[in-house]
Amino acid sequence: MKRKEVLIVGQGLAGTLLAFELHVAGVDVCIVNNPQKSTATRVAAGMVNPLVFKRMTKSWMVDELLPVMKKRYRDLEELLGERFYFDLPMIKPLSEQETELWQERKADEKFTPFIENICETSPVDQVLKSHAYGIVNGSGYLKTGLFLDAAKRFFQENELLIETDYPTNQSSFENHIFQDIQFDKIVFCEGHYLKTHPLFDFVRLQPAKGEVLQIYAPGLSENYIINRRVFVLPIGDHRFKVGSTYEWKDLTDHPTEEGKNSIVDRLKELIHVDFTIEQHWAGVRPTVIDRRPVIGKHPEFDHIYLFNGLGTKGVMLAPYFAKEMKKLLVDNQYQIHQEVNSDRFL
Ligand SMILES: Cc1cc2nc3c(=O)[nH]c(=O)nc-3n(C[C@H](O)[C@H](O)[C@H](O)COP(=O)(O)OP(=O)(O)OC[C@H]3O[C@@H](n4cnc5c(N)ncnc54)[C@H](O)[C@@H]3O)c2cc1C
């Protein structure tokens with residue numbers, strides 16, 4: 001029987017970045033992915049925002065995450081021969097009260113890399129009138145579909161990918177054999193399907209459905225992401241991704257009329273420009289109750305691991321935490337930080 005070191009279940013952002021980490025480190029890895037199941041990564045707008053506007057704080061661990069993220073996507077662009085990560089500044093229209101808070105933050109050197117300016121007039125004409133406009137640095141976006149497709153081609157060319165469902169039942173956990181291959185370790189990167197995984201029912205996942213539109217707006221500037229209650233993200237050829245919504249009861253991947261109307265209403269409050277809706281998607285974010293990733297080893301099955309909980313910020317979190325996951329897989333003694341360790345739910 002053939003033997004391999006690691007089987008990864010799921011080829012979303014988590015599984016894909018982990019597979020590259022392991023492959024590049026010379027670990028004998030294989031991925032199983034069910035293309036019939038929904039993949040949040042394909043629906044995601046792919047936006048990266050280093051700030052949390054609600055409280056005007058820096059995004060969690062942004063100083064550590066951003067450099068790792070940028071290097072990882074650049075290296076993968078070179079390996080795969082395609083560009084999929086783009087830096088792009090962001091405009092945040094501000095009320096009078098928000099302007100004061102932004103000015104305070106701008107004076108704080110911890111925010112220097114992320115607040116480029118606070119302007120009285122918008123650099124984009126089509127944005128509706130506001131008291132002022134904050135310009136964010138360090139923002140950008142990943143073309144998530146393009147990235148997954150390029151990665152998939154690489155995995156197929158290198159015979160690393162099996163496209164089928166991995167059965168999550170007792171016997172599949174106890175023996176390490178899948179499709180006549182014996183695996184030393186299995187890592188589950190199943191996104192929101194973790195909710196029904198019998199071995200990880202202790203993880204407090206709180207999946208959140210989201211909807212996104214693609215619009216065609218030839219009159220709108222493509223030089224900035226615009227973000228206030230809804231984001232408008234240029235993706236080229238006068239096309240923009242616009243989103244999103246949050247829903248915790250209906251966890252299907254069906255787009256809804258209600259979701260579309262909610263996005264369009266907010267969009268019309270943000271920009272005045274003609275547009276047509278071209279696409280409408282829905283997916284489910286693997287969000288954890290404490291909004292942190294979940295990484296670790298199963299408490300009973302020594303060969304079973306988990307990499308999940310990328311929530312609303314998978315693009316920024318996945319590269320850094322794929323490295324952490326790799327360290328744990330190659331060194332059993334490696335201490336995963338308690339804030340992200342799956343043990344915290346036991
Ligand atoms: C509407 C929306 C907008 C978003 N916007 C952004 C954004 O702008 N920026 C950002 O950073 N993040 C965004 N996100 C979040 C982002 O999509 C997630 O954080 C990230 O994609 C999660 O990746 P994942 O690999 O954990 O899960 P997924 O991408 O869902 O991948 C899981 C994979 O596992 C496979 N799978 C599951 N079970 C099995 C099994 N038993 N056998 C085989 N295969 C299996 C599935 O087929 C799937 O391919 C958004 C999400 C949504 C829904």
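Residues numbered from 1 in each chain as written. Predicted model: local features only at pLDDT ≥ 70, side-chain atom pairs only at ≥ 80, totals over all residues.

A. Region of the structure containing the site of the ligand. Surveying the vicinity of the ligand reveals 43 residues, the closest of which are Gly10, Gly12, Gly191, Gly210 and Gly314. Within the residue set of the shell around the ligand, elements represented by two or more residues are helix H1 (13-24), strand E2 (29-33), helix H2 (40-43), strand E14 (208-216), strand E18 (276-285) and helix H8 (314-330). Taken together, the residues that form the shell around the ligand break down as 18 nonpolar, 19 polar and 6 charged. Two domains each provide a minimum of three residues to the shell around the ligand, namely domain 1 (2-43 + 145-205 + 289-345) and domain 3 (208-285). (Near = placed C-beta within 6 Å. Helix = DSSP H or I, 4+ residues; strand = E, 2+ residues; numbered from the N terminus. Nonpolar A, V, L, I, M, F, W, Y, C, P; charged D, E, K, R; others polar. Domains from an automatic or database assignment.)

B. Local environment of the nonpolar core. In this structure, Ile8, Leu18, Val187, Val232 and Val242 are the most contacted members of the largest nonpolar core, which totals 97 residues. Considering each element in turn, this core owes the most residues, 9 residues, to H8. In contact with Leu18, other than residues within four places in its own chain, are Ile8, Val187, Cys189, Phe307, Ala322, Met325 and Lys326. (Core = buried A, V, L, I, M, F, W, Y, C linked by C-beta atoms within 7 Å. Buried ≥ 20, exposed ≤ 12 C-beta atoms within 10 Å, placed from the backbone. Contact = placed C-beta atoms within 7 Å.)

C. Representation of the UniProt feature "domain: FAD dependent oxidoreductase" (unreviewed entry) in the protein chain. Feature annotation in UniProt assigns "domain: FAD dependent oxidoreductase" (unreviewed entry) to the following positions: residues 6-326. Taken end to end, residues 6-326 has its terminal C-alpha atoms 10 Å apart, with 29% of it in helix and 28% in strand. (UniProt positions renumbered as here; feature names shortened; annotations may be inferred.)

D. Structural detail: the domain arrangement of the protein chain. Domain parsing of the protein chain yields domain 1 (2-43 + 145-205 + 289-345), domain 2 (90-137) and domain 3 (208-285). Each of domain 2 and domain 3 has a C-alpha centre, and the two are 22 Å apart. Contact with domain 2, which involves 9 residues of that partner, is made by 13 residues of domain 3. In terms of residue class, the side of domain 2 that touches domain 3 is built from 7 nonpolar, 1 polar and 1 charged.

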